[in-house]
Amino acid sequence: MAEYVVTFFLEKIASYLIEEANSLSDIHDEVASIEGELRRMQCFLKDADSKQDANERVRNWVADIRDVAYDSEDVVEYYIFRLAQLRRKGFLPFFARYVFCHELILRRKVREQVKGIRIRLQDTTNSRSTYGIENIVEASQRAGFAAGSLQEKRRSSPYDCEEDVIGLAEDIKAVEAQLIYGESRLSVISIIGMAGIEDKRYLIVLDDIWKTEVMNDLKEAFPEKNNGSRVLLTTRFKEVALYADPKCPPHELSLLKDEDSWKLFSRKVCVRIDSFASLPPWAEELGKQIVKTCGGLPLAIVVLGGLLSRKDATFIEWQKVLQSVHWQLRQDPAQCTEILALSYNDLPYYLKPCFLYFSLFPEDFEISARRLILLWVAEGFVQSRGQEPLEDIAEDYLEELIGRNMILAGKRKSDGRIRTCRMHDLLREFSISKAKEDHFLEVIHEDSSNSFLTGGRRVGIHFGVLPTSRSRNASKLRTLLCFDLNKTDIRNLKRYRLLHVLDLEGVYLPNLDCAVGDLIHLRYLGLRATWLRKLPISIRYLLNLQTLDLRSTLIDLVPFGIWKFRHLRNLYLNELKETVISPPKGPILANLQILRGIHIGSKSCVDGGLDKLTFIRELELRGALHLQEEAIAKWISSCKNLECLKLHDFPTFKNFDRPYISIPNMTFSGHCRLFKLHIGGFIKKLPDLEDFPPYLTELSLEGSLLMEDPMLKLEKLPNLRVLKLKQSSFVGRELICSRGGFTQLHFLKLSFLAVEKLRIEDGALSNLRQLEIIDCKQIKIVPNGLYPVTTLRDLKLGYISHGFELKVQDRRGENWYRIHQVPPI
């Protein structure tokens, strides 16, 4: 983590030296000297950071460097904070002399602090040779040997009993199908999960592959002979699986179900006993409670089962394990913690803070991917890649953590992107331990002995209270995430003067402390679902704000000062009522990327106001759009960077019976980046094909009241992958998918429609993978049901007629295992 801390500090200081040149002019040389010394340390840290677990002297030295970087950041940011406070008072003439004197005192004080840090840094640099750390090569070799031993442990333990194959029946069927059926070419079948022959036809099995280079060596030894040979490999990393054979989708193992978890646990507990019948009568109920804490992860189940197999089978012993299950798992480093550490240490340095950040969220918490991504960006974790948006890079980070099986994917969007994610309990305990060790974060629980902070620079509060003002570290906090508070009266925010992130989502907070305006370093302010009535006028001082989330609040007036925030990238407004929009003259929000939740009405200032926001990537408008149809059409036409557009037109009370148009009368042909289009509201007819966005991949219609079959046009869109026809989008009786139509469509959803027939011709929907039919009670699929759709993997049906016939063909060699009966969504 020290490599990340130093790199992060260097990037931030470089930015400060440019953006805050005037403020830092008097201490520029001192700060620049610290920056230069730490930059020289980077090459060493890259190696030392990965070797510190095997060498205590290296670990202590790395911690010293980390603390120097932290303290340097504190001094610089406090100086900027205090200077801003003084200059705010300096606008008043009678305060001018007071401010001038205090600025001199502040600069002298900061120079002394910076000088002290420079001396500490120099001493730390010299101590490398003093403590024998300079010769890092030998230590590296020893650490490499230790890591190799750990990998060997992971391969041989705790899965030494090969008979214990539990809960994998469906997985075995799926893999068998891929091995036996399919193409004659050499195929690589990959199995992803947590660690847990020249001219002849052959089967090669490779276990626990970490690097793509292994596959290069394999291909040289076993070239393609087109004879139906197979290679079966297991890996933790999706990247390895996709590299092995891009044409063969890898099989991803799921966590064990409760019943299978209990079976595996029982076998491990009874390793010295002939049968499960030997367990005491109370064991099953208590044992299942223990198993539930493992969350279906075989590694945790095996470790706990092995632990109990070495104890007396008494109720008291098992009760002790249940009460201290997470502590017990941490006490078995050979089989658990060190094995998990292998995956953590293999992470590139920029992913380590992203992984540890999950610890801030409560146990088993379903984390919104969008929320997490914006938090990472605000924290400064995301490294720029040319002109690519930081949010897109952060999404790649998340996908990589999931691909490495460090994080669990929860719900996915219809286009396959992550909607929610979470961390397994066992990995969470590991990450909390690492995060505390590095002073990265700490968590306050309801049952915490006190709310004092010790050393973490980020705090997650889970059903507890805010840290007290007496906490020695409160003034150095950078992040405060609150999930539920015993006391919702949040006051005296100025004590957290260096905060970058303040997320109060879901905390009932009708009033916000006006001292929030003192948090000038704030990048992220999350007030969603707080029922806040209004924003304090002091918010105009938060000039570094990147994300402001006001969804599900009672705020209907956007303070004037917000429109001048030049760093604001994401603005989520209250979608529940009309927001009064009064932007000033001149440029506004020059870097705004996402604008969602605006409720347009007769008072909303579109012409000469909102239409100045032309660099937006995502735009969502709600309300009576027809009242400002011309202005909205002109504004959208000028937004050439749009990637996602959502329009929801609602009737006004006066004109409820009047036909109105939610899609302004315009063409989207010039929007080459517009991939997602969601339309809610009446439209007379679909645009002509040439008026659709040329690269549209996702289209959603609701309340459109279309009379003509929309499929006749939509099936000709060459890049369409996701299509959702929701309630009242079509009021006809038959939808027709023609031969050769929808060649790229992967996902089709029909919900709350009065359609009687869905006609699928041979050769239609040739790439369809997911089909959802919800509350279409009269629908019949003709003439041959789903027989023509040979690529379907996932079918969800809800509230359809009992006589509905699928007519599904036999799919022995394909992934036809998930047919769900689900309630409407």
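The model shown is predicted, which means the values in this text are computed figures rather than measured ones. (Residues numbered from 1 in each chain as written. Predicted model: local features only at pLDDT ≥ 70, side-chain atom pairs only at ≥ 80, totals over all residues. Heavy atoms only, no water.)

Turning our eyes to something else, we now look at the overall build of the protein chain. Looking only at helices and strands, the protein chain has 20 helices and 27 strands in total. Accessible surface for the protein chain amounts to roughly 38100 Å². Of this, 51% is attributable to carbon and sulfur atoms. (Helix = DSSP H or I, 4+ residues; strand = E, 2+ residues; numbered from the N terminus. Areas by Shrake-Rupley, 256 points an atom, 1.4 Å probe, with all protein chains shown as cover.)

Among the nonpolar cores identified, the biggest contains 110 residues, and Phe-265, Phe-355, Tyr-357, Phe-358, Trp-376 and Leu-401 are the most heavily contacted of them. A total of 15 residues in this core trace back to one element, the largest contributor, which is helix H3 (residues 56-89). Residues within four places of Phe-265 in sequence aside, it is in contact with Gly-287, Ile-290, Val-291, Ile-301, Leu-304, Gly-305, Leu-308 and Trp-318. One finds Ile-444, Ile-555, Leu-573 and Ile-773 within the second-largest nonpolar core, a separate group that totals 103 residues. (Core = buried A, V, L, I, M, F, W, Y, C linked by side-chain atoms within 4.5 Å. Buried < 20%, exposed > 50% of the residue type's maximum accessible area, 1.4 Å probe, protein only. Contact = heavy atoms within 4.5 Å.)

A few words now on unusual backbone geometry. A cis amide bond links Val-782 to the next residue, Pro-783, at an omega of -5 degrees. The residue Pro-783 is located in the loop between strand E25 (780-782) and strand E26 (794-798) in this model. Of note, Ala-529 is a non-glycine position whose phi angle comes to about 60 degrees, a positive value. We note that Asp-775 has phi near 55 degrees; this positive angle belongs to a residue other than glycine. In this fold, Asp-775 is placed in the loop between strand E24 (770-774) and E25.

What follows covers the packing of helix H16 (residues 369-379) against helix H17 (residues 390-403). Put simply, H16 and H17 touch, their axes get as near as 9 Å, and they point 115 degrees apart. Here H16 is positioned roughly perpendicular relative to H17, judged by the angle of their axes. Our pair here, H16 against H17, has a crossing hand that is right-handed. Seen from H16, the contacting residues are Ala-369, Leu-372, Ile-373, Leu-374, Trp-376 and Val-377; seen from H17, they are Leu-390, Glu-391, Ala-394, Glu-395, Tyr-397, Leu-398 and Leu-401. Among the residues forming the contact of H16 with H17, the class breakdown is 11 nonpolar, no polar and 2 charged. (Axes fitted to C-alpha atoms, helices over the stretch in contact; angles between N-to-C directions. Parallel < 35°, antiparallel > 145°, perpendicular 65-115°, else oblique. Left-handed = near helix turned anticlockwise from the far one by under 90°. Nonpolar A, V, L, I, M, F, W, Y, C, P; charged D, E, K, R; others polar.)

The subject of this paragraph is the sheet that holds strand E23 (residues 757-760). Ordered in space as E21-E23-E25, the 3 strands form an open sheet in which the pairing is parallel. Since the sheet does not close on itself, it has two edges, and those belong to strand E21 (734-737) and E25, each with one partner. Within the sheet, the average angular offset between the axes of one strand and its neighbour, ignoring direction, is 20 degrees. Pairing of E21 with E23, which is carried by 4 bridges, proceeds in the parallel orientation. Note that in E23 the partner of Glu-734 across the bridge is Lys-757. (Pairing = 2+ DSSP bridges.)

It is worth spelling out H16 at this point. Burial analysis of H16 places 10 of its 11 residues in the buried class, which makes it a mostly covered element. Among the residues of H16, those classed as buried are Ala-369, Arg-371, Leu-372, Ile-373, Leu-374, Leu-375, Trp-376, Val-377, Ala-378 and Glu-379. Downstream of H16 by a residue or two, Gly-380 has a phi angle that is positive, lying close to 90 degrees.

Reading across the sheet, the 3 strands line up as E5-E7-E6 and stay open at both edges, with antiparallel pairing between neighbours. Strand pairing shows two members of the sheet lacking a second neighbour, strand E5 (367-368) and strand E6 (408-409), which therefore form its edges.

Another point: the pattern of salt bridges. Under the counting rule described, the total for this entry stands at 41 salt bridges. Across the pair Glu-399 and Arg-412 runs a salt bridge whose closest N-O atoms are separated by 3.9 Å. Of this pair, Glu-399 sits in helix H17 while Arg-412 sits in the loop between E6 and strand E7 (420-422), and the two are 13 residues apart along the sequence. Look at Glu-399 and you get partly exposed, because its relative accessible area is 28%. Each of Lys-12, Glu-73, Asp-74, Glu-77, Arg-457 and Arg-478 takes part in a single network of salt bridges with overlapping partners. (Salt bridge = Lys/Arg side-chain N within 4 Å of Asp/Glu carboxyl O.)

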